[in-house]
2 protein chains.
Amino acid sequence: MSEPKDFSLACPIEIDRYPHVMLAHGGGGKLMHQLINQMFVPTFRIPTNCQHDAAAIDLPSTPGHPAARIAFTTDSYVVHPLFFPGGDIGSLAVNGTVNDLAMAGARPLYLSASFILEEGLPMSTLWQIVQSMQQAARIANVQIVTGDTKVVDRGKGDGIFINTAGVGIIESDLIIAPQSVQQGDAVLLNGDIGRHGMAIMAVREGLEFETVIASDTAPLADLVLKLLAAGLEIHILRDLTRGGLASALNEISLAANMGISIDENLIPVREDVQGACEILGFDPLYVANEGRFIAFVPQVQVETALQIMRSHPLGENACEIGRVTDNSSNLVTMRTSIGSTRIVDLLSGEQLPRIC
Amino acid sequence: MSEPKDFSLACPIEIDRYPHVMLAHGGGGKLMHQLINQMFVPTFRIPTNCQHDAAAIDLPSTPGHPAARIAFTTDSYVVHPLFFPGGDIGSLAVNGTVNDLAMAGARPLYLSASFILEEGLPMSTLWQIVQSMQQAARIANVQIVTGDTKVVDRGKGDGIFINTAGVGIIESDLIIAPQSVQQGDAVLLNGDIGRHGMAIMAVREGLEFETVIASDTAPLADLVLKLLAAGLEIHILRDLTRGGLASALNEISLAANMGISIDENLIPVREDVQGACEILGFDPLYVANEGRFIAFVPQVQVETALQIMRSHPLGENACEIGRVTDNSSNLVTMRTSIGSTRIVDLLSGEQLPRIC
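Residues numbered from 1 in each chain as written. Chains lettered and ligands numbered in written order. Predicted model: local features only at pLDDT ≥ 70, side-chain atom pairs only at ≥ 80, totals over all residues. Heavy atoms only, no water.

1. Let's talk about the overall build of chain A
No. 1: The secondary structure content of chain A amounts to 8 helices and 14 strands.
No. 2: Computed over its C-alpha atoms, the radius of gyration of chain A comes to 20 Å, within 12% of the 21 Å expected for a compact globule of 356 residues.
No. 3: Taking the principal axes of its C-alpha atoms as reference, chain A extends roughly 60 × 55 × 50 Å.
No. 4: Pairs at least 24 residues apart make up 82% of the contacts formed inside chain A by residues separated by at least 6 positions.
No. 5: Accessible surface, chain A as shown: approximately 13000 Å² in total, 48% of it carbon and sulfur.
No. 6: In chain A, 22 positive and 39 negative side-chain charges are present, and the distance between their average locations comes to 2 Å. (Helix = DSSP H or I, 4+ residues; strand = E, 2+ residues; numbered from the N terminus. Rg over C-alpha atoms; globule rule 2.2 N^0.38 Å. Contact = heavy atoms within 4.5 Å. Areas by Shrake-Rupley, 256 points an atom, 1.4 Å probe, with all protein chains shown as cover. Lys, Arg positive; Asp, Glu negative; His and termini not counted. Charge placed at Lys NZ, Arg CZ, Asp CG, Glu CD.)

2. A closer look at the packing of aromatic side chains
No. 1: Inspection of the entire model under this criterion finds 6 aromatic pairs over all chains.
No. 2: Ring geometry for A:F72 and B:F72: centres 6.4 Å apart, planes at 85 degrees, overall edge-to-face. Pair noted here: A:F72 is in strand β2 (residues 69-77) and B:F72 is in strand β2 (residues 69-77), and the two residues belong to different chains. Of the two residues, A:F72 and B:F72, both sit in the buried class.
No. 3: On the basis of an interplanar angle of 5 degrees and a centroid distance of 6.1 Å, the ring pair of B:F40 and B:F44 is categorised as stacked. In this pair, B:F40 and B:F44 are both assigned in helix α1 (residues 30-44), 4 residues apart and thus about one turn of the helix distant. For the pair B:F40 and B:F44, one class covers both residues: buried. (Phe/Tyr/Trp six-rings, centres within 6.5 Å; stacked < 30°, edge-to-face > 60°. Buried < 20%, exposed > 50% of the residue type's maximum accessible area, 1.4 Å probe, protein only.)

3. Brief notes about the relation of the copies chain B and chain A
No. 1: Superposition of chain B onto chain A requires a rotation of 180 degrees combined with a translation of 0.0 Å along the rotation axis, giving an RMSD of 0.0 Å. The relationship between the two copies is best expressed as a two-fold rotation axis. Taking C-alpha positions as reference, the residue of chain B nearest the rotation axis is B:G157, located at 2.2 Å.
No. 2: By residue overlap, the copies meet face to face through one surface: 100% of the interface positions of chain B are interface positions in chain A. (Least-squares fit on C-alpha atoms with pLDDT ≥ 70 in both.)

4. A short note on the interface of chain B and chain A
No. 1: Taken together, the contact between chain B and chain A spans 109 residues of the former and 109 residues of the latter.
No. 2: Interface area for chain B against chain A, summed over the two sides, is near 9100 Å², with a carbon-plus-sulfur share of 70%.
No. 3: Counting the contacts that link chain B with chain A gives 28 residue pairs in polar contact (both at pLDDT 80 or more).
No. 4: For the side of chain B that touches chain A, the elements supplying multiple residues, two or more each, are α1, β1 (55-58), β2, β4 (87-88), β5 (106-118), α3 (123-140), β6 (143-152) and β7 (160-170) of chain B.
No. 5: The leading source of residues in the side of chain B that touches chain A is α3(B), at 13 residues.
No. 6: Tallied by class, the residues present in the side of chain B that touches chain A amount to 61 nonpolar, 30 polar and 18 charged. (Buried area = accessible area lost by both parts, 1.4 Å probe. Polar contact = N/O pair within 3.5 Å; in protein donor to acceptor, adjacent residues only side chain to side chain. Nonpolar A, V, L, I, M, F, W, Y, C, P; charged D, E, K, R; others polar.)

5. Examining unusual backbone geometry
Residues and elements named next belong to chain A.
No. 1: Cis geometry marks the peptide bond from H80 to P81, where omega comes out at 5 degrees.
No. 2: Unusually for a residue other than glycine, R45 sits at a positive phi of about 50 degrees.
No. 3: By relative accessible area, which is 56% here, R45 ends up exposed.

6. Brief notes about the side chain of A:T149
No. 1: Structurally, the position occupied by A:T149 is in strand β6 (residues 143-152).
No. 2: With sequence-adjacent residues up to four places away left out, A:T149 is seen in contact with A:F115, A:L117, B:H25, B:G26, B:M32, B:L35, B:I36, B:F40 and B:R242.

7. Considerations on the sheet that holds strand β9 (residues 236-239) of chain A
Residue and element names in this part refer to chain A.
No. 1: Pairing is mixed in the open sheet, where 7 strands are placed in the order β9-β11-β8-β12-β10-β13-β14. Among the strands making up the open sheet, the edge pair consists of β9 and β14 (341-343). Taken over all neighbouring pairs, the strand axes of this sheet differ in orientation by 25 degrees on average, direction set aside.
No. 2: Relative to β14, strand β13 (residues 332-335) is paired through 3 bridges, and the arrangement is antiparallel. Each bridged residue has a counterpart across the sheet, and for T333 the counterpart in β14 is I343.
No. 3: Packing of helix α6 (residues 244-256) onto the sheet brings it into contact with β8 (186-189), β9, β10 (259-263), β11 (293-297), β12 (319-326) and β13, and relative to β11 it is tilted by some 35 degrees.
No. 4: Sheet contacts for helix α8 (residues 302-310): β8, β11 and β12; angle to β8, the most-contacted strand, approximately 5 degrees. (Pairing = 2+ DSSP bridges. Axes fitted to C-alpha atoms, helices over the stretch in contact; angles between N-to-C directions.)

8. A word on the sheet that holds β2(B)
Residue and element names in this part refer to chain B.
No. 1: Strand order in the open sheet formed by 5 strands is β1-β2-β7-β5-β6, and the pairing between neighbours is mixed. Here the strands that pair on one side only, and so sit at the sheet edges, are β1 and β6. Between one strand axis and the next, the sheet turns by 20 degrees as a mean value, whatever way the strands run.
No. 2: Taken together, the 9 bridges between β5 and β7 define a ladder with antiparallel strand orientation. Each residue of the ladder has a partner; that of L117, found in β7, is I160.

9. Digging into the state of the cysteines
No. 1: This model, assessed by the stated rule, comprises 0 disulfides over all chains.
No. 2: We note that A:C356 lacks a disulfide partner, and the nearest cysteine sulfur, in A:C277, lies 16 Å from it. (Disulfide = S-S within 2.5 Å.)

10. Let's talk about the pairing of strand β11 (residues 293-297) of chain B
Residue and element names in this part refer to chain B.
No. 1: Buried residues dominate β11, accounting for 5 of its 5 residues.
No. 2: Inspection of the sheet shows strand β8 (residues 186-189) paired to β11 by 4 bridges, in the antiparallel sense. Bridge pairing links L189 to I294 in β11.
No. 3: Where strand β9 (residues 236-239) lies against β11, 4 bridges are found, and the strand directions are antiparallel. Opposite L237, over in β11, you have A295 as the bridge partner.

11. Points about helix α5 (residues 221-229) of chain A
Residues and elements named next belong to chain A.
No. 1: Buried residues of α5: A221, L223, V224, L225, L227 and L228, and no others.
No. 2: In this structure, the buried residues of α5 make contact with α2 (89-102), β5 (106-118), β9, β11 and α8.
No. 3: Just past α5, the residue G231 takes up positive phi, approximately 80 degrees.

12. So, the pattern of salt bridges
Note on pairing: side chains with opposite charge can pair once their charged atoms come close.
No. 1: By the definition in use, this model includes 30 salt bridges over all chains.
No. 2: Residue A:D75 is joined to B:K150 by a salt bridge in which the shortest nitrogen-to-oxygen separation is 3.7 Å. Taken together, the residues span two chains, with A:D75 in strand β2 and B:K150 in strand β6.
No. 3: Note on A:D75: relative accessible area 11%, which makes it buried. (Salt bridge = Lys/Arg side-chain N within 4 Å of Asp/Glu carboxyl O.)

13. Regarding α1(B)
No. 1: With 15 residues, α1(B) extends 20 Å from end C-alpha to end C-alpha; this agrees with the ideal 21 Å at 1.5 Å per step.
No. 2: Along its length, α1(B) reaches its greatest deviation from straightness, about 30 degrees, at B:I36.
No. 3: Burial in α1(B) covers these residues: B:L31, B:M32, B:H33, B:L35, B:M39, B:F40, B:V41, B:T43 and B:F44.
No. 4: Packed against the buried residues of α1(B) are β5, α3 (123-140) and β6 of chain A together with α6 (244-256) of chain B.
No. 5: Looking one or two residues past α1(B), B:R45 carries a phi angle of roughly 50 degrees, positive in sign. (Expected span 1.5 Å × (residues − 1). Bend = angle between axes of the 7 residues up to and from the residue.)

Structure representation (structure tokens):
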């Protein structure tokens, strides 16, 4: 079974320019998209229905079992610090993967949990994280069914990294994907942005505010399934993790080849988060969230959708923040609070490394 | 959605004795089994049909889609060095997960690929590994459909760690699990043991032999599916990774509450592997393989099974190495080459860290 080990294809990333992996390659901005879209997607020949948070795949039919449609996703979590206000790497690893499944319109069912532990990690720390994972799984109504444990030598890891993969079942017949996005679609957001990233940064930088900024980490599947159960024609869903709202909108705009316009005045940002962003030099549009998502729906369904969102604990402050404007550009533009219009681009470098 | 973060349950691992995670907790021996069976399995309430290489799970039926049975598995790969004779971390990450699915009797379909990259990893190294993964996926007839990329700061990782999760479909109605094991079952092995571990160790220790010991890493699903297609009544399958043949037999013996007896003279070990083991002080029974498995079948089916195995490139040297003896003990015993009998136990410490 031996095969040639000399892979002669030229590296699709310009090696002269990027001879080494940089933090920005995992930061949610341009370099990460380049790595994914130029190296991983074409080499692995990843189908277009799989190039988002989760892959939507058909299981083949077998005798007595017609094909089922499932969602399958994976995420590794390397957040630093391991514990932060509102959560920890364990609850994050469960919620993040649950949310990736939810963004494919799937009902999350099963999770895997794979640990890369650094020699010397306190056993009590591991135990606390494991309990937190189970609590998060219980709240999200998913079952952890399989796992793996590796230990690396001291100095070759950073306490604990967790990978969770997830499987969910897609019960809706909608195609929740960029190609479904239509001109005039409303962009709905389920609440204020920027809390997760600022919660992490406040701990890292030792900042103290009058109030503690807690991460918004939460499982979004229940809310999304309620929207689907109401028969809403959801065109796309995206959670606002690495790269924040700005990156999610750019990804959709680019993939759908549509323009999107949003209004800064309509985007909720808590005062303490805004303050922390100003002190640390961040733009809340680019800050990671772990319990926030956008949904694109036809304009006529906005009221119904917002009503459902606002009656859910994770959507109390849901609002419409903009709309799909045209198919002549793939730009995201924003009417700012002072009335001007600016382009909201992908960031080039990393803004917040190891945020999730 | 905030919940108490004070998890008051006592840690199920004796913290006085094991205050920190040690390399042995990932080594495939007693400490790893203790961590899994005392902490992970009860806390996550992992069902008994999921406590092996892969979880066998039923998808719920949806309108027009009766329940399907799938296998779901995960493994993180931290092998050091990244490249070794016969393979690399990329091909290993694909084959290992394919094999975990195969051991559940599933046809592997879809894989995820999640990378934890260390800042500074040469881009060319990443490219080589990515190509190797794709080649391995092509050979194993699986599709990589989803992924994730994280980058950690220099000194907080070790070049590259890869997690692959996998989904396969279970077409057979057999229950391939310890509870199916019966007294008198034959233990079949698909070839010589110890090559993967010794290939890694030879590189690590800078040993040179007359011949290069190459890893046996290979995808086993095709061979297993041929056995199933022939209608053989396979009671259990297990691949011989961390902890090797000895650990796999112990796990089955313990879970099935059956004794197993094997014959050292019947277990193929290549001369160079035997020599390397002697130099480095390893017992081939405990050395990891990445293309070897055992299958338990009723004695009357041994000839058919061996015929199928031997006609496959990955089973040319397949053989019967022992049988299930009784249900009065759960000991693994071996008739040694000099005619005595010894107990083959799980190892206490790690034998070979970071072998996969």
